[in-house]
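# Per-entry structural report
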Amino acid sequence: MKKLTIEPAEPPAASEPCNGDLSAQFHRALSVLAGKWKGDILWQLVERKRRFGELRQAIPGVTQHMLTTQLRDLEANGLVKRTVYPEVPPRVEYEMTPSAKALKPVFDELYRWAQEHGFPTSAQGAAGGAQPKPAPQSSDADEPESQPRKADRRGVMTTR
(Lines give C-alpha, C1' and ligand atoms only; values in the text may rest on other atoms or scores of the structure.)
Protein backbone atom coordinates (compact mmCIF):
# COMPACT_ATOMS: atom_id res chain seq x y z
CA MET A 1 0.00 0.00 0.00
CA LYS A 2 1.33 3.40 -0.96
CA LYS A 3 1.55 6.17 1.66
CA LEU A 4 -0.40 9.25 0.65
CA THR A 5 0.37 12.70 1.98
CA ILE A 6 -1.15 16.01 1.15
CA GLU A 7 1.39 18.66 0.33
CA PRO A 8 0.53 22.29 1.02
CA ALA A 9 0.05 24.37 -2.11
CA GLU A 10 2.51 26.99 -0.90
CA PRO A 11 4.84 27.15 2.07
CA PRO A 12 3.76 29.64 4.74
CA ALA A 13 4.89 33.21 4.19
CA ALA A 14 8.03 34.26 6.05
CA SER A 15 6.11 36.91 8.01
CA GLU A 16 3.61 34.32 9.34
CA PRO A 17 4.73 32.12 12.22
CA CYS A 18 4.54 28.42 11.47
CA ASN A 19 1.86 26.34 13.15
CA GLY A 20 4.32 25.08 15.78
CA ASP A 21 5.07 28.65 16.85
CA LEU A 22 1.36 29.48 17.15
CA SER A 23 0.79 26.36 19.20
CA ALA A 24 3.72 27.16 21.47
CA GLN A 25 2.50 30.73 21.97
CA PHE A 26 -1.02 29.50 22.74
CA HIS A 27 0.26 26.95 25.27
CA ARG A 28 2.52 29.57 26.88
CA ALA A 29 -0.45 31.94 27.26
CA LEU A 30 -2.58 29.18 28.76
CA SER A 31 0.16 28.15 31.18
CA VAL A 32 0.48 31.76 32.40
CA LEU A 33 -3.27 31.90 33.06
CA ALA A 34 -3.77 28.29 34.17
CA GLY A 35 -4.36 27.63 37.82
CA LYS A 36 -7.45 27.19 39.91
CA TRP A 37 -7.33 30.71 41.36
CA LYS A 38 -5.55 32.86 38.76
CA GLY A 39 -8.71 33.68 36.85
CA ASP A 40 -10.50 34.60 40.07
CA ILE A 41 -7.60 36.79 41.18
CA LEU A 42 -7.42 38.62 37.86
CA TRP A 43 -11.22 39.02 37.77
CA GLN A 44 -11.09 40.69 41.21
CA LEU A 45 -8.30 43.01 40.08
CA VAL A 46 -10.07 44.13 36.87
CA GLU A 47 -12.03 46.81 38.71
CA ARG A 48 -9.40 48.20 41.08
CA LYS A 49 -6.35 47.62 43.25
CA ARG A 50 -6.89 45.28 46.16
CA ARG A 51 -5.08 44.33 49.32
CA PHE A 52 -4.28 40.72 50.15
CA GLY A 53 -7.05 40.44 52.74
CA GLU A 54 -9.61 41.83 50.31
CA LEU A 55 -8.62 39.24 47.72
CA ARG A 56 -8.81 36.46 50.28
CA GLN A 57 -12.31 37.52 51.36
CA ALA A 58 -13.50 37.96 47.78
CA ILE A 59 -12.36 34.48 46.69
CA PRO A 60 -14.05 31.90 48.88
CA GLY A 61 -12.14 28.67 49.33
CA VAL A 62 -8.65 29.96 48.56
CA THR A 63 -6.08 29.40 51.29
CA GLN A 64 -3.57 32.04 52.31
CA HIS A 65 -0.71 29.89 51.01
CA MET A 66 -2.35 29.26 47.63
CA LEU A 67 -3.29 32.93 47.18
CA THR A 68 0.30 33.94 47.93
CA THR A 69 1.65 31.34 45.49
CA GLN A 70 -0.72 32.35 42.69
CA LEU A 71 -0.07 36.08 43.22
CA ARG A 72 3.71 35.49 43.07
CA ASP A 73 3.30 33.48 39.87
CA LEU A 74 1.13 36.18 38.28
CA GLU A 75 3.68 38.80 39.34
CA ALA A 76 6.58 36.76 37.89
CA ASN A 77 4.69 36.51 34.59
CA GLY A 78 4.10 40.26 34.46
CA LEU A 79 0.32 40.21 34.97
CA VAL A 80 0.14 41.59 38.51
CA LYS A 81 2.03 44.46 40.08
CA ARG A 82 2.71 44.31 43.82
CA THR A 83 3.23 47.61 45.64
CA VAL A 84 4.58 47.67 49.21
CA TYR A 85 4.07 50.91 51.11
CA PRO A 86 6.66 51.76 53.80
CA GLU A 87 4.18 51.99 56.66
CA VAL A 88 3.75 50.27 59.98
CA PRO A 89 2.11 47.84 59.60
CA PRO A 90 3.17 47.39 55.97
CA ARG A 91 0.46 47.86 53.38
CA VAL A 92 0.64 45.80 50.18
CA GLU A 93 -1.62 46.37 47.17
CA TYR A 94 -2.02 44.29 44.04
CA GLU A 95 -3.13 45.59 40.66
CA MET A 96 -3.21 44.42 37.08
CA THR A 97 -0.42 45.42 34.75
CA PRO A 98 -1.28 46.91 31.35
CA SER A 99 -0.69 43.53 29.69
CA ALA A 100 -3.19 41.90 32.08
CA LYS A 101 -5.68 44.74 31.54
CA ALA A 102 -5.59 43.83 27.86
CA LEU A 103 -7.26 40.54 28.91
CA LYS A 104 -10.44 42.33 30.06
CA PRO A 105 -12.22 41.73 26.72
CA VAL A 106 -11.33 38.04 27.07
CA PHE A 107 -12.90 37.94 30.55
CA ASP A 108 -15.96 39.79 29.29
CA GLU A 109 -16.32 37.33 26.43
CA LEU A 110 -15.91 34.33 28.75
CA TYR A 111 -18.64 35.76 30.98
CA ARG A 112 -20.93 36.31 27.99
CA TRP A 113 -20.20 32.82 26.68
CA ALA A 114 -21.01 31.24 30.06
CA GLN A 115 -24.28 33.18 30.24
CA GLU A 116 -25.22 32.26 26.69
CA HIS A 117 -24.52 28.57 27.10
CA GLY A 118 -26.25 28.18 30.43
CA PHE A 119 -23.37 27.50 32.79
CA PRO A 120 -24.60 27.77 36.38
CA THR A 121 -23.69 30.74 38.50
CA SER A 122 -22.27 30.12 41.97
CA ALA A 123 -25.75 30.72 43.41
CA GLN A 124 -27.20 27.97 41.21
CA GLY A 125 -24.63 25.36 42.16
CA ALA A 126 -22.82 22.93 39.91
CA ALA A 127 -25.75 20.56 39.33
CA GLY A 128 -26.64 21.81 35.87
CA GLY A 129 -28.31 24.99 37.02
CA ALA A 130 -30.43 23.34 39.68
CA GLN A 131 -31.50 25.70 42.38
CA PRO A 132 -30.31 24.97 45.92
CA LYS A 133 -32.85 23.20 48.07
CA PRO A 134 -34.61 25.49 50.55
CA ALA A 135 -34.02 24.90 54.24
CA PRO A 136 -36.48 22.42 55.74
CA GLN A 137 -39.46 24.07 57.37
CA SER A 138 -40.62 23.20 60.85
CA SER A 139 -43.96 21.40 60.98
CA ASP A 140 -45.15 23.71 63.73
CA ALA A 141 -44.61 26.94 61.76
CA ASP A 142 -47.84 28.44 63.08
CA GLU A 143 -46.65 28.23 66.69
CA PRO A 144 -44.82 31.22 68.17
CA GLU A 145 -41.06 31.02 68.28
CA SER A 146 -39.51 29.47 71.35
CA GLN A 147 -37.81 31.63 73.89
CA PRO A 148 -34.53 33.20 72.77
CA ARG A 149 -31.35 31.41 73.74
CA LYS A 150 -28.59 33.02 75.74
CA ALA A 151 -25.01 31.92 76.38
CA ASP A 152 -24.04 31.56 80.04
CA ARG A 153 -20.61 32.56 81.32
CA ARG A 154 -19.15 29.23 80.14
CA GLY A 155 -20.44 29.81 76.59
CA VAL A 156 -23.14 27.13 76.87
CA MET A 157 -26.41 28.07 75.17
CA THR A 158 -29.41 28.02 77.51
CA THR A 159 -33.08 28.95 77.21
CA ARG A 160 -34.19 31.92 79.29
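Note that the structure is predicted; figures quoted are calculated from it, not measured.

Moving on, we get to a nonpolar patch on the surface. A surface patch of nonpolar side chains, amounting to about 390 Å² of accessible area, comprises V106, L110, W113 and F119. One can find V106 in helix α6 (residues 104–116).

This part takes up the sheet that holds strand β3 (residues 91–96). Ordered in space as β1-β3-β2, the three strands form an open sheet in which the pairing is antiparallel. With one partner strand each, in any of the chains shown, β1 (50–51) and β2 (80–85) form the two edges of the open sheet. Across the sheet, helix α2 (residues 38–45) is in contact with β1, β2 and β3; its angle to β3 comes to roughly 95 degrees.

This part covers α2. For α2, the full list of buried residues reads K38, I41, L42, Q44 and L45. Seen end-on, α2 carries its buried residues on one side only, within an arc spanning 160 degrees.

Turning our eyes to something else, we now look at the packing of α2 against helix α4 (residues 64–76). At a minimum axis separation of 10 Å, α2 and α4 run at an interaxial angle of 75 degrees. For the element pair α2 / α4, the angle class is roughly perpendicular. Facing α2, whose interface residues are K38, I41 and L42, α4 presents L67, Q70, L71, D73 and L74. Here the residues of the contact of α2 with α4 sort into five nonpolar, one polar and two charged.

Evaluated as defined, the whole model comprises two aromatic pairs. Judged by centre distance (6.2 Å) and plane angle (90 degrees), the rings of W43 and F107 are edge-to-face. Here the residue W43 occupies a position in helix α2, and F107 occupies one in helix α6, the gap between them amounting to 64 residues. Judged by its relative accessible area of 40%, W43 is partly exposed. Assessed through its relative accessible area of 12%, F107 is described here as buried. Ring centres of W43 and Y111 lie 6.4 Å apart, and the angle between their planes is 20 degrees; this geometry places the pair in the stacked category. Of the two residues, W43 is situated in helix α2 and Y111 in helix α6; the sequence distance between them amounts to 68 residues. Linked through ring pairs, W43, F107 and Y111 together constitute an aromatic cluster. The ring of Y85 has R91 lying over it, and the distance from NZ or CZ to the ring centre is 3.8 Å.

Quick notes on the rules
- Residues numbered from 1 in each chain as written.
- Predicted model: local features only at pLDDT ≥ 70, side-chain atom pairs only at ≥ 80, totals over all residues.
- Heavy atoms only, no water.
- Patch = residues over 30% accessible without salt bridge, like charges linked within 9 Å, V, L, I, M, F, W, Y side chains within 5 Å.
- Areas by Shrake-Rupley, 256 points an atom, 1.4 Å probe, with all protein chains shown as cover.
- Salt bridge = Lys/Arg side-chain N within 4 Å of Asp/Glu carboxyl O.
- Helix = DSSP H or I, 4+ residues; strand = E, 2+ residues; numbered from the N terminus.
- Pairing = 2+ DSSP bridges.
- Contact = heavy atoms within 4.5 Å.
- Axes fitted to C-alpha atoms, helices over the stretch in contact; angles between N-to-C directions.
- Buried < 20%, exposed > 50% of the residue type's maximum accessible area, 1.4 Å probe, protein only.
- Arc of directions from axis to C-beta.
- Parallel < 35°, antiparallel > 145°, perpendicular 65-115°, else oblique.
- Nonpolar A, V, L, I, M, F, W, Y, C, P; charged D, E, K, R; others polar.
- Phe/Tyr/Trp six-rings, centres within 6.5 Å; stacked < 30°, edge-to-face > 60°.
- Lys NZ or Arg CZ within 6 Å of the ring centre and 35° of its normal.

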